[in-house]
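Coordinates in review
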Amino acid sequence: MIDLIITHPAEGPASLFTRNFRVHSGIPIGLYNEGARSPVVLVYGDVSVSALTELGKHYSAIIAIPFMEKDYVPENPCHYETMTVKAPILATMQNLEREGLDGFVKTFEGGPLVLAGYTGKALTLIFTADLIKATIRILSGEIEGETGKDGYGRHNPPPGSITDSPGVSLHFNLIENTIRYVYHKLGLPLLSIPRWPSSAPLAVFLSHDVDIMRKWTVKRSLYEFFHCLPNIFRLNMNPIFKTARSIADAIK
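Residues numbered from 1 in each chain as written. Predicted model: local features only at pLDDT ≥ 70, side-chain atom pairs only at ≥ 80, totals over all residues. Heavy atoms only, no water.

1. Observations regarding the sheet that holds strand β3 (residues 40-45)
Cut-off, in case you're wondering: Pairing between strands is defined by DSSP: at least two bridges between them are needed. By definition, any uninterrupted DSSP run of H or I lasting at least four residues is a helix, any uninterrupted run of E lasting at least two residues is a strand, and each is numbered from the N terminus. A fitted line through C-alpha atoms represents every axis, and for helices the fit uses only the stretch in contact; the resulting angles, taken between N-to-C directions, go from 0 to 180 degrees. Throughout, a contact is declared for two residues whenever any of their heavy atoms are within 4.5 Å.
An order of β2-β1-β3-β4-β9-β8-β7 is seen for the seven strands of this open sheet, with the pairing classed as mixed. On the outer flanks of this sheet lie β2 (29-31) and β7 (102-106), each paired with one strand and no other. Adjacent strand axes in the sheet meet at a mean angle of 25°, parallel and antiparallel pairs treated alike. By the bridge criterion, four bridges tie strand β4 (residues 61-66) to strand β9 (residues 122-127) in an arrangement that is parallel. Each residue of the ladder has a partner; that of A64, found in β9, is I126. Across the face of the sheet, helix α5 (residues 167-186) comes into contact with β1 (2-6), β3, β4, β7, β8 (112-119) and β9 while running at roughly 165° to β9.

So this is what it looks like as structure tokens:
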């Protein structure tokens, strides 16, 4: 179990993060209130020297993610390298500098993504982007709510950087790899729940089939229209009007 401490009133989004992160990584993470502590803490919110110094009295290692009041998905995101792809960071990169902490992970664009060093005796890694808020915005559909609607009342698609890459998985991978690195650095075992039964490397999911590719063909339209005609004798015109509107919308 890794402790989560929130130094900003953002428990709602953070709890959504912890649920999804457990499923993605298999690493149990829980909001710390009191009692026995984990050797490692993930702090979200205030990552000032004073806040981390206080946490350093209780933990062997600190992983810190700064909270941003306003965030957006950058049109030209920064990137970091994974084993297989040049992955985008769908969050605003901050120009964080901290005495005694050096760039540990750098972006392709040259800026630090993670700073590393020590707070007292506690190993400390600080992200320079609010990965939690950015991830929750993608998961919750909040971004689609800001893109406006088309003529049919449908939300316009989010920025291409989101639809072109698995942003949530990329952010979670960064956080997971950091946690695993810290435990390895401390020489401690990290217990995790396998994603698939018996630690299988992958799983195949079979969904239902799609029967109708184009609903409102001429044949289908005539069928639906004549199927509604008996409602005239029942003095119930609503089904007829509804079907006619659907066909008209499809023609438009």
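Once the structure has been displayed, the description carries forward.
2. Things to note about the confidence of the model for the protein chain
Which entries qualify depends on this criterion: Per-residue confidence from the predictor is given as pLDDT, running between 0 and 100.
Of all residues in the protein chain, 94% have pLDDT values of 70 or greater, and the mean over the chain is 84. Across the protein chain, the element-wise mean pLDDT spans from 70 in helix α4 (residues 160-163) up to 96 in β9.

3. Looking at the environment of L188
We apply this condition: Exposure is judged per residue with a 1.4 Å probe applied to protein chains only, and the accessible area is read against the type maximum: over 50% gives exposed, under 20% gives buried, and values in between give partly exposed.
One can find L188 in the loop between α5 and α6 (218-228). Overall, the relative accessible area of 35% leaves L188 in the partly exposed class. Measuring from C-alpha to C-alpha, the distance between L188 and P28 comes to 15 Å, with 160 residues separating the pair along the chain. Not counting the four nearest positions on each side in its chain, L188 is found in contact with P39 and Y183.

4. Structural notes on α5
Quick reminder of the rule: Each helix should span, by expectation, one fewer than its residue count multiplied by 1.5 Å.
Across its 20 residues, α5 extends 29 Å between first and last C-alpha, which sits within 8% of the 28 Å expected from 1.5 Å per residue. Listing the buried residues of α5 in full gives G167, V168, L170, H171, F172, L174, I175, E176, T178, I179, V182 and Y183.

5. Let's talk about the packing of aromatic side chains
For clarity, the threshold we go by: Side-chain rings of Phe, Tyr and Trp, where Trp is taken by its six-membered ring, are said to pair if the distance between their centres is within 6.5 Å; with planes under 30 degrees apart they count as stacked, over 60 as edge-to-face, and otherwise as tilted. In this scheme, the term charge over a ring applies when either NZ of a lysine or CZ of an arginine sits within 6 Å of the ring centre and within 35 degrees of the ring normal.
Summed over all chains, the structure comprises five aromatic pairs. Note on F17 and F172: the rings are 5.5 Å apart at their centroids and 70° apart in plane angle, and the pair reads as edge-to-face. Of this pair, F17 sits in helix α1 (residues 11-25) while F172 sits in helix α5, and the two are 155 residues apart along the sequence. Each member of the pair, F17 as well as F172, is classed as buried. Judged by its relative accessible area of 2%, F172 is buried. Taken together, the ring pairs connect F17, F21 and F172 into an aromatic cluster. When the ring centre of F108 is taken as reference, the NZ or CZ atom of K86 above it lies at 4.9 Å.

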